[in-house]
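A closer look at the structure
For reference, the chains in residue letters:
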Amino acid sequence: MSEATGKKAVLQLDGKEIELPIYSGTLGPDVIDVKDVLASGHFTFDPGFMATASCESKITFIDGNKGILLHRGYPIDQLATQTDYLETCYLLLNGELPNQEQKEEFDKKVRAHTMVHDQVSRFYNGFRRDAHPMAIMVGVVGALSAFYHNQLDIEDVNHREITAVRLIAKIPTLAAWSYKYTVGQPFMYPRNDLSYAENFLYMMFATPADKDYKVNPVLAKAMDRIFTLHADHEQNASTSTVRLAGSTGANPYACISAGISALWGPAHGGANEAVLKMLDEIGSVENVAEFMEKVKRKEVKLMGFGHRVYKNFDPRAKVMKQTCDEVLAALGINDPQLALAMELERIALSDPYFIERNLYPNVDFYSGIILKAIGIPTTMFTVIFALARTVGWISHWLEMHSAPYKIGRPRQLYTGETQRDIKR
Ligand code: SDX
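Residues numbered from 1 in each chain as written. Predicted model: local features only at pLDDT ≥ 70, side-chain atom pairs only at ≥ 80, totals over all residues. Heavy atoms only, no water.

Notes on the overall build of the protein chain
- Regarding its fold elements, the protein chain presents 17 helices and six strands.
- On C-alpha atoms alone, the protein chain measures out to a radius of gyration of 23 Å, which is about the 22 Å that the 2.2 N^0.38 rule sets for 424 residues.
- Every one of the 424 residues in the protein chain was classed for burial, and the buried ones make up 48%.
- Sequence separation of at least 24 residues holds for 70% of the intrachain contacts in the protein chain that already meet a minimum separation of 6.
- When the accessible surface of the protein chain is summed, it comes to about 21300 Å², and 54% of that surface belongs to carbon and sulfur atoms. (Helix = DSSP H or I, 4+ residues; strand = E, 2+ residues; numbered from the N terminus. Rg over C-alpha atoms; globule rule 2.2 N^0.38 Å. Buried < 20%, exposed > 50% of the residue type's maximum accessible area, 1.4 Å probe, protein only. Contact = heavy atoms within 4.5 Å. Areas by Shrake-Rupley, 256 points an atom, 1.4 Å probe, with all protein chains shown as cover.)

In structure tokens, the structure reads:
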């Protein structure tokens, strides 16, 4: 629970003083509780929530100035290199890393829920084959709410917990099928003898004709690490969307679908796809200088750079770059786009325009190069992000529902017409 500091902020308004309590967390800035501003007949005003803490949470801590990202206190670079994704899922959900017995139990529970009701596979047929896989994911994940609604009591903690396991377990199946559908290949069903990342790559790239399909362990390890690096990130736009939808008591599958929708935007999770498109457009290192001038003229954004919170490096980008080097070396790939990306980064880190604006590579800058090396098509990059972030979204949904909460209902500064009558 946050600690009342005993300190107060004093707002002087219309000759009156309003005392606003200040609370401290365990890490990060203190917060000023502004609800009493309402009594003064004013609202606070913070478009884009630049300075607003929307909730109290114990799941993830970010220090944007120091480039720190902790999940339940553990640094992201340790989790990405010393645990697998399902262990990080267990940590986000339960607050502690699993011991060996808990790990085996959780892995078994997830494997038991990777299948989806066969009717769900019919939803894909309603899409055109050239539909964007994220459009498909918004639809089919939302459709799961039709299969888990009447018997689902979100006030029952056991119902909430099985919902989290179902979503973590089924999202790779739905994600792989969103790819298979767009390439006209038959759906591959999940297998219980494969790890989480292996199963996903199997469902993505195996075909019924290839009975002996084997997932490359280098690719499975890289995929698992990419999932971990994307698992959660505090109150980002898509997580805040899930919390806001959840605050109405909405079906959790529908809330996750809302999160997928928010993530899709190029300013958020859609940036990884946009980075590859940007690298394709630049084409070669010779064109970088001219492209950077376009960025400075604000004609284009340098996708994969900048962050609302990180005003220093994004710790995930560092691990992603290291993974990129490992995967390309292991596969013997010399991807010219990596050289191009590194030249963009070199210029951005030395050019005053970018330094003044604290523009550093974020999680999306190098991820696309690894995903391409794994064989993931560009249109699936944000789907991979949504797959990995599902555990973060549902962890925040669980946290919100584990204590009393209020429906999220912001107000506004109204600058429209004053009241007037229709004159006909
Ligand atoms: C994710 O929130 C999260 O935690 C998100 C995420 C997660 O894990 O959930 O980390 C995942 O979404 C990472 C971000 C991926 N998006 C991109 O890579 C897209 C490119 N980045 C930008 O769109 C931007 O940096 C944002 C959206 C990420 C952050 O925008 P802010 O905080 O609102 O910053 P801003 O737009 O006010 O920019 C401040 C200045 C502006 O210049 P001036 O008006 O002061 O002259 O920096 C400039 C912006 O023009 N700027 C950029 C830029 N990002 C900001 N200029 C060129 N290229 C960019 N990428």
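Remarks on the domain arrangement of the protein chain
- Domain boundaries assigned for the protein chain yield domain 1 (3–53) and domain 2 (78–405).
- Averaged C-alpha coordinates put domain 1 and domain 2 at centres separated by 35 Å. (Domains from an automatic or database assignment.)

Quick word on the UniProt feature "active site" (unreviewed entry) in the protein chain
- What UniProt calls "active site" (unreviewed entry) maps, in this numbering, to His307 and Asp364. Taken along the chain, the residues just named run across 58 residues; in space they keep tight, none of their C-alpha pairs more than 10.5 Å apart. From the list above, the second largest cavity is lined by His307.
- Tracing the chain through its elements places His307 in the loop between helix H12 (288–296) and helix H13 (315–331). (UniProt positions renumbered as here; feature names shortened; annotations may be inferred. 1 Å grid on protein atoms, 1.4 Å probe; cavity = no way out; pocket = protein on both sides within 12 Å on 5 of 7 lines; lining within 4 Å.)

So, empty space enclosed by the protein
- With the rule as written, the count across this model stands at two cavities of 30 Å³ or more.
- Its boundaries defined by the atoms lining it, the largest cavity holds a volume of some 100 Å³.
- The wall of the largest cavity is formed by 13 residues, among which Val110, Thr114, Ser195, Tyr196 and Asn199 lie closest to the centre.
- Elements that contribute at least two residues to the lining of the largest cavity include exactly helix H3 (100–111), helix H6 (157–183) and helix H7 (196–205).
- Residues belonging to the lining of the largest cavity are distributed by class as follows: seven nonpolar, four polar and two charged.
- Reported here for the second largest cavity is a volume of approximately 30 Å³. (Points joined across faces, edges and corners; volume = space filled by probe spheres on them. Nonpolar A, V, L, I, M, F, W, Y, C, P; charged D, E, K, R; others polar.)

Structural notes on the site of the ligand
- In the region of the ligand, 23 residues are neighbours, and His233, Lys298, His307, Arg316 and Arg389 sit closest.
- Asn362 is positioned with one of its side-chain polar atoms (N or O) 2.9 Å from an oxygen atom of the ligand.
- In this structure, an oxygen atom belonging to the ligand sits 2.8 Å away from a side-chain N or O atom of Arg389.
- Burial of the ligand by the protein chains amounts to 76% of its free accessible area of 1100 Å². (Near = heavy atom within 4 Å. Polar contact = N/O pair within 3.5 Å; in protein donor to acceptor, adjacent residues only side chain to side chain.)

Notes on the packing of H7 against helix H8 (residues 217–229)
- At their nearest, the axes of H7 and H8 sit 8 Å apart, and the two run at 110° to each other. On the basis of the axis angle, H7 is roughly perpendicular to H8. Of H8, the residues touching H7 (which contributes Tyr196, Ala197, Glu198, Phe200 and Leu201) are Leu219, Ala220, Met223, Asp224 and Phe227.
- Grouping the amino acids of the contact of H7 with H8 by side-chain chemistry returns eight nonpolar, no polar and two charged. (Axes fitted to C-alpha atoms, helices over the stretch in contact; angles between N-to-C directions. Parallel < 35°, antiparallel > 145°, perpendicular 65-115°, else oblique.)

Focus: the environment of Leu344
- Following the sequence through the fold, Leu344 ends up in helix H14 (residues 336–348).
- Sequence-distant contacts of Leu344, defined by excluding residues within four places in its chain, comprise Met278, Leu279, Ile282, Val288, Phe291, Met292, Leu302, Phe305 and Phe365.

Digging into the sheet that holds strand S3 (residues 31–32)
- Strands sit in the order S1-S2-S3 across an open sheet of three strands; the sheet is antiparallel. Edge positions in the sheet fall to strand S1 (3–13) and S3, since each of these pairs with one other strand and no more. (Pairing = 2+ DSSP bridges.)

Considering the packing of aromatic side chains
- Counting across every chain of the model gives 17 aromatic pairs.
- Residues Phe123 and Phe147 carry aromatic rings whose centres are separated by 6.2 Å and whose planes lie at 80° to one another, so their mutual orientation is edge-to-face. Of this pair, Phe123 sits in helix H4 (residues 120–123) while Phe147 sits in helix H5 (residues 133–147), placing them 24 residues apart in sequence.
- Overall, Phe147 belongs to the partly exposed group, its relative accessible area being 23%.
- Consider the rings of Tyr148 and Tyr253, whose centres lie 5.0 Å apart with planes at 20°: the pair is stacked. Highlighted residues: Tyr148 in the loop between H5 and H6 and Tyr253 in helix H10 (residues 252–263), separated in sequence by 105 residues.
- A relative accessible area of 18% means that Tyr148 is categorised as buried. (Phe/Tyr/Trp six-rings, centres within 6.5 Å; stacked < 30°, edge-to-face > 60°.)

Side note on the state of the cysteines
- Enumeration according to the criterion identifies zero disulfides in this entry.
- Cys255 supplies the cysteine sulfur nearest to Cys89, a cysteine that is in no disulfide, at a spacing of 19 Å.
- No disulfide involves Cys255; its sulfur sits 14 Å from that of Cys55, the nearest cysteine.
- Here Cys255 falls in the buried class, since its relative accessible area comes to 1%. (Disulfide = S-S within 2.5 Å.)

Let's talk about the UniProt feature "transmembrane region" (unreviewed entry) in the protein chain
- Mapped onto this numbering, the UniProt entry annotates "transmembrane region" (unreviewed entry) at residues 365–388.
- Between the C-alpha atoms that bound residues 365–388 the distance is 17 Å, and the span itself is 75% helix and 0% strand.

Describing helix H17 (residues 381–401)
- Between its first and last C-alpha atoms H17 spans 30 Å; for 21 residues at 1.5 Å apiece the expected length is 30 Å, and the two agree.
- Residue Arg389 marks the point of greatest curvature in H17, where the axis turns by about 40°. (Expected span 1.5 Å × (residues − 1). Bend = angle between axes of the 7 residues up to and from the residue.)

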